[in-house]
Structures are given as structure tokens and as C-alpha cells.
Amino acid sequence: MIAPTQPSAPDRVELVIGGMTCASCAARIEKKLNRLDGVTASVNYATEKARVDVTGDISPEQLIATVEQAGYTAALPAPKVEAPTEGTDADDPSAALRTRLLISIVLAVPVIAMAMIPALQFDNWQWLSLTLAAPVVIWGALPFHRAAWTNLRHGAATMDTLVSMGTLAAFGWSLYALFFGTAGTPGMKHPFEFTIAWMDGTGSIYLEAAAGVTTFILAGRYFEARSKRRAGAALRALLELGAKEVSVLRRAGDFHSASGTHSASGSSSSTKNTPTSTGTRTNGAVEQRIPIEELAVGDEFVVRPGEKIAADGTVVEGSSAIDASMLTGESVPVEVGPDDAVVGATVNVGGRIVVRATRIGSDTQLAQMARLVEEAQTGKAQAQRLADWISGIFVPVVIALAVATLGFWLGTGGSVAAAFTAAVAVLIIACPCALGLATPTALMVGTGRGAQLGILIKGPEVLESTRRVDTVVLDKTGTVTTGRMTLLDVVAAEGEDVTEVLALAGALEDSSEHPIARAIAAGAREKTGTLRAVEDFSNIEGLGVQGVIDGHAVLVGRPRLLADWSLELGHALEHALNTAQSEGKTAVAVGWDGRARGVLVVADAVKPTSAEAVAQLKALGLTPIMLTGDNAAAARAIADQVGIDEVIAEVLPEDKLAVITRLKSEGKVVAMVGDGVNDAAALAGADLGLAMGTGTDVAIEAGDLTLVRGDLRSAADAIRLSRRTLATIKGNLFWAFAYNVGAIPLAMAGLLNPMLAGAAMAFSSVFVVSNSLRLRGFRSNAS
């Protein structure tokens, strides 16, 4: 019997999309691709990428052709080359937009001033206005005209269509009025007449509306493009974490061949690859410094204290402590020795070790995390802009009304000039002057106020998420806690002085570079002042340290170290040590002169403001959940201190995103607060990512909001401010559209006085700006 064939897994194709101007463009491309048999596509406007799963015979070329039929460009990703320097204008769409915006502002401001201030209307001022406005409407608005033409060819309408039609209608009618009407006569004025009267409009110009709308909308697009450019910054920051060079061990014969190979690749590498003899091994191998790209699986490399581990591998010589907190979230350094696995980009904080590379390049855990971040960003649902959604309905209706108005006036015997005046007036009054200000002004004020409070909001897409969030997931290390080891308690044996125990232990640990030792030394220095001198200091790898202080032979380390010297802890100290370990803390034993004298308790301390912050988040209707790579006992102890009921502990970095995905699949709208590399994918995959500004660049770039101060109370402030800013934007949009809808009937009736329309448009814009400025009164709840 022939077994039934299993359906093949879908092939994933990534496409780089060009030509998108708004979120509705992404939705249109996605719709087109999903119409193909066996295709499931997700298009992200922010990253300008499409992720396509194909279960059939459809080739990438067919996918590209489908996107091009929709009026956009598509291409397979180019092979990765060295990343361009951050801050250059290469491939930066905001650089060209910035130039376009600045020139438009310089030209448009005098046009608007002359139209609105009668005192500036000198003889023939209208011709100067035309000279200044023409470049703005033609060149400044060129991106909108191009997008409108693309949309027209494919039977679609977006905000670009409305902006292009409105500005061209205003500019075109102004040209007609200047050359064929009475608006071009010397001494023409725009008086402020607040009356509604029927008129043919040949004495009125609308250049200030055309130039002003173009400039306002360009400002909004510039801020949007600048925030979009940051979408890939998380990946750049992740890749920057890895080591750039590595000290590989080569045998004498291998060294010469390797050196020759490297020098052949280019003259610049000959200097880089000059061998050094800073370390030798018993087998005669010497160290050679090479670029990380030349490291191969099976190579053995040296990692000294303070250096990053170049690639995933296995320790073959030496022992040390590895700080993996950035990748794993584990606050306590991990002790490693021969045959133990280590992960690339983690930091060696102990002794010299030799590592054999097992995974390099794109196979390392760091590279896998970069892929997780990218997939989380690409898969995030696009926040459909409200203005674009309304324009999809509003634009066709306005066009239909303008055509109907023209037909009505011509059909009822009106003059051609009057009929065109009314029809063009419909298009002009529908042109969204206040709408162009609605989002940028609220964002500008809201984000400015946020920056004053230490809250950085990346873009308008962020705000929509804050309104619906009902669950907030908090990383433990560095978010709820300080993220660094701190001396919490000193337990002295019966008859011993606590201060003396701490003073001797702190003095001895001050000679060690281990993070736990540094915490003890810092605690001792803070409580006892100057630390005493140490003689005959030595480090017993994996166990602790020993030395002589004031004639006392002092031991500090694991209980096993004291046991090796026949120092018994006793019942009280044993109980203190077990209690600390059961709470997920680290306990260090201290002894001298043949007796165990005390136990020092070290752990990652809770931030003083964390409990208050959790209470504020609950007050906003959010359910806090702690997510951490630490052990369950440590996590539960911290959660109880700050008032968190639900804890998810012992989670691997790659599983944090899976937890976020599971919570979302359960119907929750999830905000994630974190600070480490291990949080980056979860921050990108959450509905709302809040990155602690005291954390890594990767986490900050992957988040939607950045909390500069590292105070968890800022998370509650950020959500409150975002919700308030979103409400302001929606209020602005409502009044901007209400103005248009209310004025269109007047335009259709031929009763549109240009100055009344101009005054109403100015009032609408002033209202939008004033409403946005109310955000400056937002206050933080942090005491």
C-alpha cells in the first residue's frame, strides 16, 4: 500500500517593496498577493518588506510581477554586504524629503503671509505669490502627484489622491483667475469679507491653500519616513554586539598557510592578520588575530577577561565566569570549564579560556535572535491610518460631488465660469489643510512632552496599540530589578561581629574581578569605609578566593571551599545559606583562622520604584506578568515584593517571543517591557514594546517606546501619554473632516467666498494646533 503523500511545507520568500506611500498601499499589495493560489503574504509598510509563504509552483518572479501589476516595485533581497555607516544619507528616504520640506517651507511661508495679511498685499503681490507657490505645488508635491497617478491607473484612491487633486485644483484655478480673470490686475486685494454670496470666483486665487497644504503634508511624511528608517536599527544593533576580531590558535605550519591565504584577499588584511605571540600552548600553537568573518568551525580561539566570546563553542581549556545577562537575562554569571558550552557575544568576566568554535556566522544564537527580531517586525500587523481609511471613501465621494456640481450648474443654465467655480471650490474645500496638521502637531507636542518626561515615542503606529493593551509583560532583570548584583545581607556566626565579617570579606573580594566579588567589595566599602590591605591573594577557580589580612588567613567562596579547609558552617549559617538559595539568591561563605565566621547574601535587588509602578499599571486596567530567564524561586520572590501575581520563569531567549505569541493567541493585547538583547524579539513581536533606556541598544531599537530613565513608573506614564495623544489625534481628525463636510454644501451651492473659506480653514487649523498644545499640560504620576 502506498502511503499518502504529506503536504509539503510552504517555501518562504522575502521581497523588498518600493513605492509605498501609506499603509493602504501595503494593504493593496497584500490583497493582490493573497489572491494567488497557495500564497499567504504579509506586507509591512514600516520595514518595506513582504513575507510570502508559497505552497505551489509560483516562482519569485511571478510574485514580483504581481506586485508590479499593482503599481509598485519588488525585488529579492540583495546579498548582505557591510552595513553602511549609521547617519549617512545613503538609502535614507528622509534625507530627500527633508530637503524638499525645507525648501517648501521657505517658499510657502511668504505666500501664506501675503494672502492672510492685507497690509502685505502690495501692487502685483499676487504674481510674486505665484512665483513662490509654483515650485512648491509642482516640485514639492511631486511625491503626491506620482502616487496619485499610480493610484489612478489602478483604480484606487488614497490621501495622496486627495492632496494632489486639491492642490492642483487650487493652483490651476488660481492660474485661470490670474491670466483669464480679474485676479491678475494690479492692486488686487483679498479683503476679509465674512459673508456668503454667490460669485463666479474669477477674481480669487487659492495659492496659499495649495502651497500650505503641500508643506503641511510634507512635514507629516518627513517625520513618518524618519521613524520608518529606524525599523531596521534593531538588527544593526544586534549584529554590532558580536566580536569584530578573534585570537585564533594556529600551529606553526598552519599559521603560514593561513597568513598567505589572508594576505591574498587584500592588502588591508595583511596588517590585521599579523600574528602575535601573546599566548602559547603546550602543543606549540600561537595566537593569530583575524577578522571574525575568517573564523571556521573547529577553530580554537582565546578569550581573555573582559573580551566578548567570538562565536558559539565549547571550552577546551581554562575556567571562568561568563556574563550572559544580555542574552539570557540571567543575572548571576555562569561558571564554565572544559567541555562547557558558551554563546557568542557573551562576556568573559573571569580567567583566560580557550574555546573551540561549533557555530559561526548565521548559525550562532545571536544571528538566530536577529532573525527572530526581523520576523517579529515583519509579521506585526500594520496600523491602518485613520486618515487613509476615511480617504478611501471620502475621495471618490468628493470627486463625484464635484462632477455632479459642474453638471448641475451647466444643466441649469449657469455660466461656464460659475459652474467651474463651484466644482473647483468643492475640490479646494475638501483639500485637507487641517487634516495635514491633525497628526503631525499632536505627535510633535505629545512626543515633545514625552521626551521631557523621559519617554520617547517612535511613531503614530505606536499610539493605536496603547488604547487596546490589557496585559503588560515585565522582564525581571534590569526592568523590575536593577540588573546588577548587590549585597543584600550579612549573617554572622554566633559571637562574631557583622562589621568585621563584612570588612575582611570585602577587602579580599576587592582583588577579584568576579561580579559577585565586586558586589561584596562595593557593599563593604559603603558600610566600613577604606578596605584593608591583602597579602598572598589567590583565586581558586570555580570555588572562591583566599588571602591574608592583618595576619588572618581568610577564605571567601562556596561552602565547598571552606569544607576543603575543614571549616564547618554550623547550623545557623547552614540555615541562612539554604534560605538564601531557596529564594534564588547567591550565598557566599566567609571564614578565617580555622572557623566559619559568616554568610554574605548577594542578589539582583528590586528597584525602589517597581512596586509603585506595578500598582500604577494595575490602575490603568492592565494585568502585569513577570517573564524571566531566572529560576522560579528567584522570580517568585521578586514578584511577591512588587505585587505581581503571575510569573513565567526559566524561559530561554528564543522562547520569550513564543510566550508573547501565545498570550496574543489567547485574545490578550500585550505590552512588553524589557531591556536586554534577550528581550528584543519579544519587544518587536508584542502589540506594544517598551524598552528601558538603561538597557541595550538592541532592545531600545526593537521597542516602540523608550523609557529613558529606566524607572518602571515611566511605563505607566508612557501608556497614559500615548492614549492621550491618540485621543487628541482622533479629535483633530474629526474636526478637520467635519470642517470639510460642513463646507462642501456651501461650495456646491456656489456660495463659497474665498476669504470666508480661507478664514474657516485657518480657524480649523488653529483649532487643531490649540487642541494639540493641550498635551503640554500632561503630568507624570511619578512622585
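Residues numbered from 1 in each chain as written. Predicted model: local features only at pLDDT ≥ 70, side-chain atom pairs only at ≥ 80, totals over all residues. Heavy atoms only, no water.

> Help me understand the confidence of the model for the protein in this model?
If pLDDT is low for a region, its predicted coordinates should not be looked at in detail. In this model, the protein carries a mean pLDDT of 77, and residues with pLDDT of at least 70 account for 77%. The secondary-structure element of the protein with the lowest mean pLDDT is helix H10 (residues 267–272), recorded at 36, while strand E23 (residues 623–627) shows the highest, at 93. Predicted confidence is poor over residues 192–197, with pLDDT under 50, and the contacts of this stretch with residues over four places away or in other chains come to 16 contacts. (pLDDT = per-residue confidence, 0-100. Helix = DSSP H or I, 4+ residues; strand = E, 2+ residues; numbered from the N terminus. Contact = heavy atoms within 4.5 Å.)

> Could you clarify how one ought to interpret the sheet that holds strand E2 (residues 39–44) in this entry?
Within a sheet, adjacent strands bond to each other through the backbone by hydrogen bonds, running parallel or antiparallel. The antiparallel open sheet is built from four strands, whose spatial order is E2-E3-E1-E4. Edge positions in the sheet fall to E2 and strand E4 (73–75), since each of these pairs with one other strand and no more. For this sheet, the mean inter-axis angle between neighbouring strands, taken without regard to orientation, is 25°. Here six bridges tie E2 to strand E3 (residues 49–54), and the two strands are oriented antiparallel to one another. Bridged to threonine 40 within E3 is aspartate 53. (Pairing = 2+ DSSP bridges. Axes fitted to C-alpha atoms, helices over the stretch in contact; angles between N-to-C directions.)

> In this structure, what is going on with the pattern of salt bridges? I would like to understand it.
Side-chain pairs of opposite charge can arise whenever the charged atoms involved come near each other. Counting across every chain of the model gives 21 salt bridges. Residues lysine 656 and aspartate 475 are paired through a salt bridge, measuring 3.1 Å at the closest nitrogen-oxygen approach. Residue lysine 656 is located in helix H24 (residues 653–665), and its partner aspartate 475 is located in strand E16 (residues 471–475); the two are separated by 181 residues in the primary sequence. For the salt bridge of aspartate 604 with lysine 476, the shortest nitrogen-to-oxygen distance reads 3.9 Å. Remark: lysine 476 occurs in helix H17 (residues 476–480) and aspartate 604 occurs in strand E22 (residues 595–606); sequence separation between them is 128 residues. The two residues aspartate 604 and lysine 476 agree in class, both being buried. Each of Glu287, Arg304, Glu317 and Arg352 takes part in one network of salt bridges that share partners. (Salt bridge = Lys/Arg side-chain N within 4 Å of Asp/Glu carboxyl O. Buried < 20%, exposed > 50% of the residue type's maximum accessible area, 1.4 Å probe, protein only.)

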